[in-house]
2 protein chains.
Amino acid sequence: MQQPIKMERTGNPKAKPALTDMQLGFGQYFSDHMFLMDYTDGQGWHDPRIVPYAPLMLDPASMVFHYGQAVFEGMKAYRTTDGEAQLFLPERNAERLNRSLERLSMPPLEPGQLLNAVRTLVHVDQDWIPRQEGTSLYIRPFVIATEAAFGVRPSSRYLFTIVLSPVGAYFQEGLQPVDILAEAQDVRAVRGGTGSAKTAANYAGALRAQVEARAAGCSQVLWLDALERKYIEEVGSMNVFFRIAGHVYTPSLTGSILEGVTRGAVMELLDDWDVPCIARPISLDEVLEAAEAGTLEEAFGTGTAAVISPIGGIRWKDRFIPINGRQVGDLSQKLYDTMTGIQRGLIRDVYGWTTRI
Amino acid sequence: MQQPIKMERTGNPKAKPALTDMQLGFGQYFSDHMFLMDYTDGQGWHDPRIVPYAPLMLDPASMVFHYGQAVFEGMKAYRTTDGEAQLFLPERNAERLNRSLERLSMPPLEPGQLLNAVRTLVHVDQDWIPRQEGTSLYIRPFVIATEAAFGVRPSSRYLFTIVLSPVGAYFQEGLQPVDILAEAQDVRAVRGGTGSAKTAANYAGALRAQVEARAAGCSQVLWLDALERKYIEEVGSMNVFFRIAGHVYTPSLTGSILEGVTRGAVMELLDDWDVPCIARPISLDEVLEAAEAGTLEEAFGTGTAAVISPIGGIRWKDRFIPINGRQVGDLSQKLYDTMTGIQRGLIRDVYGWTTRI
């Protein structure tokens, strides 16, 4: 049985940014409250509470700063056109959070615990859900190790936190293709590592390539596998899809790739639309050859932040390979419209993906 | 020019643990003060200060919790037999810290900044340096990302912290061989990743194997390379050496292995002693074959925490391969005595490795 969530409301609500502004950006503003819960070995998860958003006080020897036990999730609450609020496939985030926790030798949450906490917190701060098309309330649950000790072993104490951030449209003028840089040196993850977990460790080593991509005029990194540096893994922090000669391909989950919630939903939609979609290893060479042969019809990334992100072209060493004349592809557009339509309640959710708050 | 370090002394010194006690453990107690310094884009490192040891206050959106920008160093202050205090090769820690920072897209420290901060802090808390043989004051400098935002990019703000912990002998009864488990599934790092940086990310994914090793009666993990799962990389968080038929071998620095300060000093000692020491790729098969042929004379790990850690045997799948009859080898003993002798001022430091505080 879950413990009741204690509530301490803020006496000083923040001035809200212009929530109708598409310039909200991503993760720049935070709502009035946050959810906290502690874990102690022997006692389990305890003291779930909602408190005013405030700094965390952590011993400088807290293990998270030294040995990286830190996992998170990313999800969104959407304001529907009828004024309600809803979540998109929160059960899948809960399942993935527990898989991430397990990989990092951290204690799992109890069934329903994440969803209950998210619903309660979003309800308290529901005025922070923006209404304009393309905006949403980004939800960031995360767990960090808080034991103050330097032995290299799993922590005996953890803190589970959820914060909320009203976010703008990922693309300020709707869907717009982005260029990506195929990374030849650095890698994101490897078989036997933490690539399939949503953990801080996967992002830390990826920043250098992200900086390099920006310098090359690209907005994201296209990651290749660590073993052969040949097979495509992800794009930035999104899963990636290629449409070649009417078939859609996405890298199979080999252990080093994150299993995206949006990836799963896109594959279900394609299946429903009778568009063949195959998850298998895809080499960069295969994609470049399809581009040269004129059969690479479109490419796009999928993730909670951008939903669908069309890819305008790939930079690889001294080449640049444009895709679909750098235009948004028909399939990318249809997927984006359908996904965001379901999320905002404009399209009836026949899939059971949404949960009202 | 470095900014002067502001000083705020504690009004409530802690009760010290029994500093002569070999049961101090590792990283369980922390001294009265800590060093802090901030970094802000455009302003650089600023406001170096020593303050009473206290929790850090960090926004829950601080990037360190989410994207893992966190690097650290490990060094020790030793009480010499004439009552002075000294550091061991601190310049190499400073160089490595800057290499780690660079890999994680974090700003480097200025030359001399780490050493100056360490000297000043250790001087303030010099009463915390234990005196008993085998004990020392462990020094943990670390840098974390503190900007509160969720975009995946390098932080614009960082916090540099140093804390001190009196630590006991790593082995309670002097040198004692430990068994290690060669890990068949998980990997620590891969070429193109962060393995050569001292960053939290390398430890996070390694904990699962460490738990597995403990369950198998071993105290450390022997890591194999991620590409072929064939070549030896490190043991736990130490570098590793094998003595085979009179020659000493240690894995070469391929980009996925940490360049240990103790590793470097051991190689210099061996060179000085005319013991052939070769850094090159070493396969686990080669070590197991040498063990079967009777030419594997000894094996040991090197690191700041344990200095020299003799290896009693290797567990690999369903086999257990004892080394040197599970006794401390002659070379391990001589290296340990020489290293700790120099560190404690019992042996004259002809190498220029030590720095008085």
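Residues numbered from 1 in each chain as written. Chains lettered and ligands numbered in written order. Predicted model: local features only at pLDDT ≥ 70, side-chain atom pairs only at ≥ 80, totals over all residues. Heavy atoms only, no water.

(A) Geometry of the overall build of chain A. The number of helices and strands found in chain A is 8 helices and 19 strands. Relative to a compact globule of 357 residues, whose C-alpha radius of gyration would be 21 Å, chain A shows 21 Å and is just as compact. Dimensions of chain A, computed from C-alpha atoms along their principal axes, come out at roughly 60 × 50 × 35 Å. When the 357 residues of chain A are sorted by exposure, 59% land in the buried category. When contacts within chain A are restricted to residue pairs at least 6 apart in sequence, those whose partners lie at least 24 apart make up 72%. Just so you have it, chain A exposes about 13500 Å², and 47% of that area is on carbon and sulfur atoms. Between the mean site of the 34 positive side-chain charges and the mean site of the 42 negative ones, chain A shows a separation of 3 Å. (Helix = DSSP H or I, 4+ residues; strand = E, 2+ residues; numbered from the N terminus. Rg over C-alpha atoms; globule rule 2.2 N^0.38 Å. Buried < 20%, exposed > 50% of the residue type's maximum accessible area, 1.4 Å probe, protein only. Contact = heavy atoms within 4.5 Å. Areas by Shrake-Rupley, 256 points an atom, 1.4 Å probe, with all protein chains shown as cover. Lys, Arg positive; Asp, Glu negative; His and termini not counted. Charge placed at Lys NZ, Arg CZ, Asp CG, Glu CD.)

(B) Seen up close, the interface of chain A and chain B. Each partner contributes residues to the interface: chain A has 59 residues there, and chain B has 59 residues. A combined buried area of about 5000 Å² lies between chain A and chain B, and 65% of that area is made up of carbon and sulfur atoms. For Arg 103 of chain B, the salt bridge is made with Asp 186 of chain A, and the minimal N-O distance between the two is 3.7 Å. Where chain A packs against chain B, one counts 22 residue pairs in polar contact (both at pLDDT 80 or more). Listed by contribution, the elements that provide at least two residues to the side of chain A that touches chain B are strand 4 (56–58), helix 1 (64–67), strand 5 (70–72), strand 8 (136–145), strand 9 (157–167), helix 4 (200–204) and helix 5 (207–215) of chain A. Residue composition of the side of chain A that touches chain B, by class: 36 nonpolar, 15 polar and 8 charged. Of the pairings in the sheet, the one linking strand 4 of chain A to strand 4 (residues 56–58) of chain B comprises 3 bridges and is antiparallel in character. Residue pairing for strand 4 of chain B: Leu 56 of chain A is matched across the bridge by Leu 58 of chain B. (Buried area = accessible area lost by both parts, 1.4 Å probe. Salt bridge = Lys/Arg side-chain N within 4 Å of Asp/Glu carboxyl O. Polar contact = N/O pair within 3.5 Å; in protein donor to acceptor, adjacent residues only side chain to side chain. Nonpolar A, V, L, I, M, F, W, Y, C, P; charged D, E, K, R; others polar. Pairing = 2+ DSSP bridges.)

(C) Seen up close, the UniProt feature "modified residue: N6-(pyridoxal phosphate)lysine" (unreviewed entry) in chain A. All names here are of chain A. With numbering matched to this structure, UniProt assigns "modified residue: N6-(pyridoxal phosphate)lysine" (unreviewed entry) to Lys 198. Tracing the backbone through its elements, the reader meets Lys 198 in the loop between strand 10 (178–182) and helix 4. When its relative accessible area of 9% is taken as the criterion, Lys 198 is described as buried. Setting aside anything within four residues of it in sequence, one finds Lys 198 in contact with Ala 70, Val 71, Phe 72, Glu 73, Gly 74, Arg 96, Ser 100, Tyr 203 and Leu 258. (UniProt positions renumbered as here; feature names shortened; annotations may be inferred.)

(D) Quick look at the packing of helix 2 (residues 90–103) of chain A against helix 6 (residues 261–272) of chain A. Residues and elements named next belong to chain A. Taken N-terminus to C-terminus, the directions of helix 2 and helix 6 make an angle of 130 degrees; their axes are 10 Å apart at the nearest point. Taken together, the axes of helix 2 and helix 6 lie oblique to each other. Considering only the axes of helix 2 and helix 6, their crossing is right-handed. Residues Arg 92, Asn 93 and Arg 96 of helix 2 form the contact with helix 6, whose participating residues are Val 261, Gly 264, Ala 265 and Glu 268. Taken together, the residues of the contact of helix 2 with helix 6 break down into 2 nonpolar, 2 polar and 3 charged. (Axes fitted to C-alpha atoms, helices over the stretch in contact; angles between N-to-C directions. Parallel < 35°, antiparallel > 145°, perpendicular 65-115°, else oblique. Left-handed = near helix turned anticlockwise from the far one by under 90°.)

(E) Broad picture of the packing of helix 6 of chain A against helix 8 (residues 330–343) of chain A. Residues and elements named next belong to chain A. Contact geometry of helix 6 with helix 8 gives a least axis separation of 11 Å together with a crossing angle of 110 degrees. On the basis of their axis angle, the class for helix 6 and helix 8 is roughly perpendicular. Across the interface between the two elements, Thr 262, Ala 265, Val 266, Leu 269 and Leu 270 of helix 6 pack against Leu 331, Leu 335, Thr 338 and Met 339 of helix 8. Of the residues belonging to the contact of helix 6 with helix 8, the class tally is 7 nonpolar, 2 polar and no charged.

(F) The arrangement of the pairing of strand 14 (residues 247–250) of chain A in detail. Residues and elements named next belong to chain A. Two elements, strand 13 (residues 239–244) and strand 14, share 3 bridges in a ladder whose sense is antiparallel. Directly across from Ile 244, in strand 14, lies its bridge partner His 247. The hairpin turn running from strand 13 into strand 14, its antiparallel successor, is 2 residues long, and Ala 245 in that turn takes a positive phi close to 50 degrees. In this sheet, strand 15 (residues 277–279) lies alongside strand 14 in parallel orientation, the contact comprising 3 bridges. Bridged to Val 248 within strand 15 is Cys 277.

(G) Structural view of unusual backbone geometry. For Asn 324 of chain A, which is not a glycine, the phi torsion comes out positive at approximately 50 degrees. Assignment of secondary structure puts Asn 324 of chain A in the loop between strand 18 (319–322) and helix 8. Relative accessible area serves as the criterion here: at 33%, Asn 324 of chain A is assigned to the partly exposed category. Phi is positive for Arg 326 of chain B, close to 60 degrees, though the residue is something other than glycine. Here Arg 326 of chain B is to be found in the loop between strand 18 (319–322) and helix 8 (330–343). Relative accessible area serves as the criterion here: at 42%, Arg 326 of chain B is assigned to the partly exposed category.

(H) Representation of the packing of aromatic side chains. This structure, assessed with the given rule, holds 31 aromatic pairs over all chains. With centroids separated by 5.3 Å and ring planes inclined at 45 degrees, the aromatic side chains of Tyr 67 of chain A and Tyr 203 of chain B adopt a geometry described as tilted. With one member in each of two chains, Tyr 67 of chain A in helix 1 and Tyr 203 of chain B in helix 4 (residues 200–204) form a pair that bridges those chains. Accessibility classification places Tyr 67 of chain A together with Tyr 203 of chain B in one group, the buried group. Ring-pair connections join several aromatic residues into one group, and the members of that group are Phe 26, Phe 30, Tyr 53 and Tyr 138 of chain A together with Phe 150 of chain B. Above the plane of the ring of Tyr 53 of chain A lies Lys 14 of chain A, whose end atom (NZ or CZ) is 4.2 Å from the centre. (Phe/Tyr/Trp six-rings, centres within 6.5 Å; stacked < 30°, edge-to-face > 60°. Lys NZ or Arg CZ within 6 Å of the ring centre and 35° of its normal.)

(I) Spotlight on the pattern of salt bridges. For the structure on display, the rule yields 28 salt bridges over all chains. For Asp 179 of chain A, the salt bridge identified is with Arg 326 of chain A, shortest N-O distance 2.3 Å. One end of the pair, Asp 179 of chain A, is in strand 10; the other, Arg 326 of chain A, is in the loop between strand 18 and helix 8, and 147 residues separate them in sequence. Under the relative-accessibility criterion, Asp 179 of chain A is labelled buried at 14%. In this structure, Arg 99 of chain B and Glu 259 of chain B form a salt bridge, with 3.5 Å as the shortest nitrogen-oxygen distance. Taken as a pair, Arg 99 of chain B in helix 2 (residues 90–103) and Glu 259 of chain B in the loop between strand 14 (247–250) and helix 6 (261–272) lie far apart in primary sequence, 160 residues in all. Overall, Arg 99 of chain B belongs to the partly exposed group, its relative accessible area being 39%.

(J) Geometry of the relation of the copies chain A and chain B. Once turned by 180 degrees and shifted 0.0 Å along the axis, chain A lies on chain B with an RMSD of 0.0 Å. Taken together, the rotation angle and the small translation identify this as a two-fold axis. Both copies contact each other with a shared surface, as 100% of the interface residues of chain A are interface residues in chain B too. (Least-squares fit on C-alpha atoms with pLDDT ≥ 70 in both.)

(K) Highlighting the domain arrangement of chain A. Residues and elements named next belong to chain A. For chain A, the assigned domains are domain 1 (6–167) and domain 2 (178–343). The centre of domain 1, based on its C-alpha atoms, is set 27 Å off from the matching centre of domain 2. Listed as interface residues are 22 residues of domain 1 and, on the opposing side, 20 residues of domain 2. Overall, the association of domain 1 and domain 2 removes approximately 1800 Å² of surface from exposure, summing both partners, and the carbon and sulfur fraction of that is 57%. Considering only the surface of domain 1 that becomes buried against domain 2, Phe 72, Phe 88 and Arg 96 emerge as the three largest contributors, covering 33% of it. Along the contact surface separating domain 1 from domain 2 lie 2 salt bridges. Our enumeration of links across domain 1 and domain 2 arrives at 13 residue pairs in polar contact (both at pLDDT 80 or more). Where the side of domain 1 that touches domain 2 is concerned, the elements lending two or more residues are strand 5, strand 6 (75–79), strand 7 (85–88) and helix 2. No other element matches the 6 residues that helix 2 contributes to the side of domain 1 that touches domain 2. Of the residues assigned to the side of domain 1 that touches domain 2, the class counts are 10 nonpolar, 6 polar and 6 charged. (Domains from an automatic or database assignment.)

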